[in-house]
Amino acid sequence: MTKKIKVLYVEDEQDIRETIVEILTDEGFEVIPAANGKEAVEIFLDNKPDIVVSDIMMPGVSGYDLLKIIRENKNISNNNIPFIFLSALGEKQDLIK
């Protein structure tokens, strides 16, 4: 039996979060949802995901803030895991960032 890839999915919009969780689950991933960046940090520490898929624009802790918190914490053994940002931001400077 193959180990499922564990995805931490972070999205503050409930409808979008539920839809993406369902799609990823149907594709065979183990998905752990988080409703915001602050919640995602706690879930990340407790669950050690293989990848993070996150919205960027969220109240409080944004997707960029979440990435920074995880990358800069040397006490997190998997602080270099891949991040994928899903966002409605489409301006050139957003894509470059």
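Data block above holds the structure.
Summary of the structure given here. (Residues numbered from 1 in each chain as written. Predicted model: local features only at pLDDT ≥ 70, side-chain atom pairs only at ≥ 80, totals over all residues. Heavy atoms only, no water.)

1. Concerning the packing of aromatic side chains
Argument step 1. Throughout the structure, instances matching the rule amount to two aromatic pairs.
Argument step 2. Between Tyr 64 and Phe 85, the ring centres sit 5.3 Å apart and the planes meet at 70 degrees, which makes this aromatic pair edge-to-face. In this pair, Tyr 64 is assigned in helix α3 (residues 63-72) and Phe 85 in strand β4 (residues 83-85), connecting sequence segments 21 residues apart.
Argument step 3. Between Phe 83 and Phe 85, the aromatic rings sit 6.0 Å apart at their centres with planes inclined by 45 degrees, giving tilted as the arrangement.
Argument step 4. Clustering of aromatic rings is evident, with ring pairs tying together Tyr 64, Phe 83 and Phe 85. (Phe/Tyr/Trp six-rings, centres within 6.5 Å; stacked < 30°, edge-to-face > 60°. Helix = DSSP H or I, 4+ residues; strand = E, 2+ residues; numbered from the N terminus.)

2. Quick word on the sheet that holds strand β3 (residues 51-54)
Argument step 1. Taking strand neighbours across the sheet as the criterion, the four strands line up as β2-β1-β3-β4 in an open arrangement whose pairing is parallel. Here the strands that pair on one side only, and so sit at the sheet edges, are β2 (30-34) and β4. Direction aside, neighbouring strands of the sheet carry axes that sit 20 degrees apart on average.
Argument step 2. Pairing of strand β1 (residues 6-10) with β3, which is carried by four bridges, proceeds in the parallel orientation. Bridge pairing in β3 links Leu 8 to Val 52.
Argument step 3. Packed onto the sheet, helix α2 (residues 37-47) meets β1, β2 and β3 and runs at close to 145 degrees relative to β2.
Argument step 4. In the packing of α3 onto the sheet, the strands contacted are β1, β3 and β4, and the crossing angle to β4 comes to about 170 degrees. (Pairing = 2+ DSSP bridges. Axes fitted to C-alpha atoms, helices over the stretch in contact; angles between N-to-C directions. Contact = heavy atoms within 4.5 Å.)

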